[in-house]
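Chain by chain, the residues run as shown.
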Amino acid sequence: MTNDHDASPEPPSEPPVARPASPPAVGPAVGPAVAERVADDRVGPGRRARGGDHTARGAASTGTEADPPAAAPAEDPPAPAPGDPPAEPTAAAPRTPAWRRPAWPAWRRTRASRPARKADPTDPTGPTDLANPADAPAPSLRTAAPPPSFTRSPFESETFTSATFVATSHAPYIALACVWVFTRLGMLVLLWRDNLGIGGVGREVYVLYRIWYDRLAHGTFPPDDPTWQYPPGAGLVIGSPAALPWLTYFQAFVALALLADAVVAAALARADSARVTHGAWVWVCGLPLLLHIPLARYDVQVTAIAVLALLALRSRPAIGGALAGLGALVKVWPALTLIGTPRGRTTREAWLAAASTAAALMLTLGVLFTNSLDFLRQQGGRGVQIESLGGTALSLAGAAGLWPGRVEYRYGAFEYVGPYVSSVGLLALLLTGAAFCWLMVWRMKARRWTAATPLDAAFAAVLLFTLTSRVISPQYMVWLLGLAAVCLTSRETVMRPAVLLLLPATALSALAYPVLYEDVLAGTPIGLAVMTARNGLLLAAGLLACRGLWRATVRRPVG
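Residues numbered from 1 in each chain as written. Predicted model: local features only at pLDDT ≥ 70, side-chain atom pairs only at ≥ 80, totals over all residues. Heavy atoms only, no water.

(A) Main features of the overall build of the protein. Scanning the protein from N- to C-terminus turns up 18 helices and 3 strands. For the protein, buried positions account for 43% of its 559 residues. For the protein, restricting intrachain contacts to residue pairs at least 6 apart in sequence, the fraction spanning at least 24 positions comes to 77%. Total accessible area on the protein is roughly 28500 Å²; 63% of this is exposed by carbon and sulfur atoms. (Helix = DSSP H or I, 4+ residues; strand = E, 2+ residues; numbered from the N terminus. Buried < 20%, exposed > 50% of the residue type's maximum accessible area, 1.4 Å probe, protein only. Contact = heavy atoms within 4.5 Å. Areas by Shrake-Rupley, 256 points an atom, 1.4 Å probe, with all protein chains shown as cover.)

(B) Region of interest: the packing of helix 15 (residues 476–487) against helix 16 (residues 496–515). In contact at an axis separation of 10 Å, helix 15 and helix 16 are set at 155° when each is read in the N-to-C sense. Considered as vectors, helix 15 and helix 16 are oriented roughly antiparallel to each other. Note on packing geometry: the crossing formed by helix 15 with helix 16 is left-handed. Only V499, L502, L503, A505, T506 and S509 of helix 16 make contact with helix 15, whose side of the interface consists of M477, L480, L481 and A484. Grouping the amino acids of the contact of helix 15 with helix 16 by side-chain chemistry returns 8 nonpolar, 2 polar and no charged. (Axes fitted to C-alpha atoms, helices over the stretch in contact; angles between N-to-C directions. Parallel < 35°, antiparallel > 145°, perpendicular 65-115°, else oblique. Left-handed = near helix turned anticlockwise from the far one by under 90°. Nonpolar A, V, L, I, M, F, W, Y, C, P; charged D, E, K, R; others polar.)

(C) Focus on a nonpolar patch on the surface. Taken together, the side chains of L426, L427, L429, L430 and L431 present a nonpolar region at the surface, about 480 Å² in accessible area. As for its position among the elements, L429 is in helix 13 (residues 421–445). (Patch = residues over 30% accessible without salt bridge, like charges linked within 9 Å, V, L, I, M, F, W, Y side chains within 5 Å. Salt bridge = Lys/Arg side-chain N within 4 Å of Asp/Glu carboxyl O.)

(D) Local environment of the nonpolar core. Counting residues in each nonpolar core, the largest one holds 109 residues, and the members touching the most others are W283, Y298, F459 and L538. Leave out the neighbours within four places in its chain, and L538 touches L463, L467, I472, M477, L480, L502 and A505. (Core = buried A, V, L, I, M, F, W, Y, C linked by side-chain atoms within 4.5 Å.)

(E) Geometry of the packing of aromatic side chains. Taken as a whole and assessed by the stated rule, the structure comprises 20 aromatic pairs. Between Y209 and Y298 the ring centres are 6.2 Å apart and the planes differ by 65°, which places this aromatic pair in the edge-to-face class. With Y209 in helix 4 (residues 203–217) and Y298 in the loop between helix 7 (278–286) and helix 8 (299–312), the pair connects residues that are 89 residues apart, well separated along the chain. Accessibility classification places Y209 together with Y298 in one group, the buried group. Here the aromatic rings of W333 and W479 are separated by 5.0 Å at their centres, their planes lie at 20°, and the arrangement is stacked. (Phe/Tyr/Trp six-rings, centres within 6.5 Å; stacked < 30°, edge-to-face > 60°.)

(F) Seen up close, the environment of R534. Tracing the backbone shows R534 in helix 18 (residues 525–553). Put simply, R534 and S509 are 25 residues apart on the chain and 6.6 Å apart in space, counted from C-alpha to C-alpha. Non-local contacts of R534, meaning those with residues more than four positions away in its chain, are made with E387, I472, A505, L508 and S509.

(G) Examining helix 7 more closely. A large share of helix 7 lies buried, amounting to 7 of its 9 residues. Listing the buried residues of helix 7 in full gives G279, A280, W281, V282, W283, V284 and G286. Here the buried face of helix 7 lies against helix 3 (171–193), helix 6 (249–271), helix 8, helix 15 and helix 16.

(H) Local environment of the sheet that holds strand 1 (residues 384–385). With antiparallel pairing, the 3 strands of this open sheet are ordered in space as 1-3-2. Each edge of the open sheet is held by one strand with a lone partner, namely strand 1 and strand 2 (406–410). (Pairing = 2+ DSSP bridges.)

(I) Summary view of unusual backbone geometry. The residue after Y513, namely P514, is reached through a cis peptide bond having omega 10°. Summarising the element assignment, P514 is placed in helix 16. Positive phi outside glycine occurs at N371, with the angle close to 60°. Considering the arrangement of structural elements, one finds N371 in the loop between helix 10 (345–368) and helix 11 (375–380).

(J) Broad picture of the packing of helix 8 against helix 9 (residues 317–331). In contact at an axis separation of 7 Å, helix 8 and helix 9 are set at 160° when each is read in the N-to-C sense. The pairing of helix 8 with helix 9 is recorded here as roughly antiparallel in orientation. Like other packed secondary-structure pairs, helix 8 and helix 9 cross with a definite hand, here left-handed. Here D299, V302, I305, L308, A309 and A312 of helix 8 come into contact with helix 9, specifically with P317, I319, G320, L323, A324, L326, G327, V330 and K331.

(K) Main features of the pairing of strand 2. Note that strand 2 and strand 3 (residues 413–417) share 5 bridges and pair antiparallel. Opposite E408, over in strand 3, you have E415 as the bridge partner. Here strand 2 hands over to strand 3 after 2 residues, with Y411 in that stretch at a positive phi of 55°.

(L) Expanded view of the pattern of salt bridges. Tallied over the full model, the rule gives 7 salt bridges. Close ionic contact of R410 with E415 constitutes a salt bridge, the shortest N to O distance being 3.1 Å. On the accessibility criterion, E415 (0% relative accessible area) is buried.

(M) View of the pairing of strand 3. Of all 5 residues in strand 3, 4 are buried; the element is thus mostly enclosed. Two elements, strand 1 and strand 3, share 2 bridges in a ladder whose sense is antiparallel. Counterpart to V384 in the pairing with strand 3 is Y416.

(N) Here's a closer look at helix 15. The terminal C-alpha atoms of helix 15, which comprises 12 residues, lie 17 Å apart, in line with the 16 Å expected from a rise of 1.5 Å per residue. The set of residues buried in helix 15 consists of Y476, M477, V478, W479, L480, L481, G482, L483, A484, A485, V486 and C487. (Expected span 1.5 Å × (residues − 1).)

(O) Here's a closer look at the confidence of the model for the protein. Put simply, the protein has an average pLDDT of 79, and 68% of its residues get 70 or more. Counting interchain partners and residues more than four positions distant, the pLDDT-below-50 stretch residues 106–114 has 14 contacts. (pLDDT = per-residue confidence, 0-100.)

(P) The environment of V284, seen in detail. One can find V284 in helix 7. Taking the C-alpha atoms as reference, V284 lies 7.6 Å from L176; in sequence the two are 108 residues apart. Not counting chain neighbours up to four residues away, the residues in contact with V284 comprise L176, V179, W180, T183, R184 and A265.

(Q) Summary view of the environment of A540. Its place among the elements puts A540 in helix 18. Classification of A540 by relative accessible area gives partly exposed; the value is 29%. Taking C-alpha positions, A540 is 7.6 Å from L501, a pair spaced 39 residues apart along the chain.

This is the structure we're talking about:
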């Protein structure tokens, strides 16, 4: 088609060779022949016929010069053959409407994505710079692979966790380590000052534990000591500061507690390295909710044994059972970590290893030390501690004027003394037996075992025994935090609702002791409110844990 109105007003001295209009420079630069073929593929013949009119009108509207007319203006210039070299670009290419522009991906518009142009010996102009829009070859629209998605929201990923910051493998671990260091420094500062609330949290280490350490150094467990209520394996933890003779007893004990804490965090992070696990974050961020109490009790060391036992049960049941037996001889409750082992060979290996380890260690300690079983007599004489569920019921009754009891310091804790106290203690023992029977019934009726079942069962069992105990000290929350963190290393766990209730209950435990312990002892409204809220959260968590465990393993799936 001839566009006479776009021709130059003065004819040239000699007739020039007619050239077709250059293709628009959109996306990566392409030659005219390639651009024409790309446009032909993208539009139909009718729209292709109308394209010249749009090009001519675009040139007129932009004020650019069109090519001079051919010698025979009545005929359209022939289209260049596919093998012809590309023609030189015009001074300014007309802008093609958006409906004719090929949809080039933005990631292919960079200079790095343009392949090098080979020199063509038939091209009279020779190779030109790739910056020239007419010289770069056209990339394939049909075979180009889509780029990887680096901007997708992490919330849409199945592997998203609270530690997902960048797409590098070590960033979550670095973040976890930084938070661990920062929070533990705060706990050390609180322990060094030790004046929060009632104060004296560290006194149990440098006074009571040190007395026990001196007795153990003489080859005997503390005889006739009402505060010694632990199995003989506890002597191993109490005497462990001897491994660091260049430190004082208090310093060595705190250092070993921090070491056990770090071992738990590392084991949890390694257990679910694909997500850099919620479990590790629950432990690292949940333990400081107890302030500096964990560093002044030996429950962190016991929890480390239980956590390692549960993690080892997945692949090495004998090692997991041996660790559970060791923990049971230190503080009894780690034996419950074996309650959910799958039936068959795993259970046989784990339970046999646990019994063998506990028996061998018990026999060894019985030979090396005297009074190794004296703790049974002291444990049996305990009453109802003010922080237990029974103690909360008695304190509420006393505040309402229905119970005339009082608080006394006995067996290393503050307990209630008065009418009905023995009945409340007996009821707690009956509830403990009922919890054990429920666990046995669950184990016999369970039909489905997943990778999370042993972990969930251990958490539910320890939570039940904590609720029904006559004593619920703040350090007991360390056990539950460790087991809850292990549960969250598995994506199949059903304990998430219970764990969400456990975290505020942990914070309330530290608020009750040492911050508001005087109010708890006096039975003031704020002290009663804190203890009622803490125990109410624990009770709700226990019910949710039992319900979730039963529904996940006993009930038949619907449909």
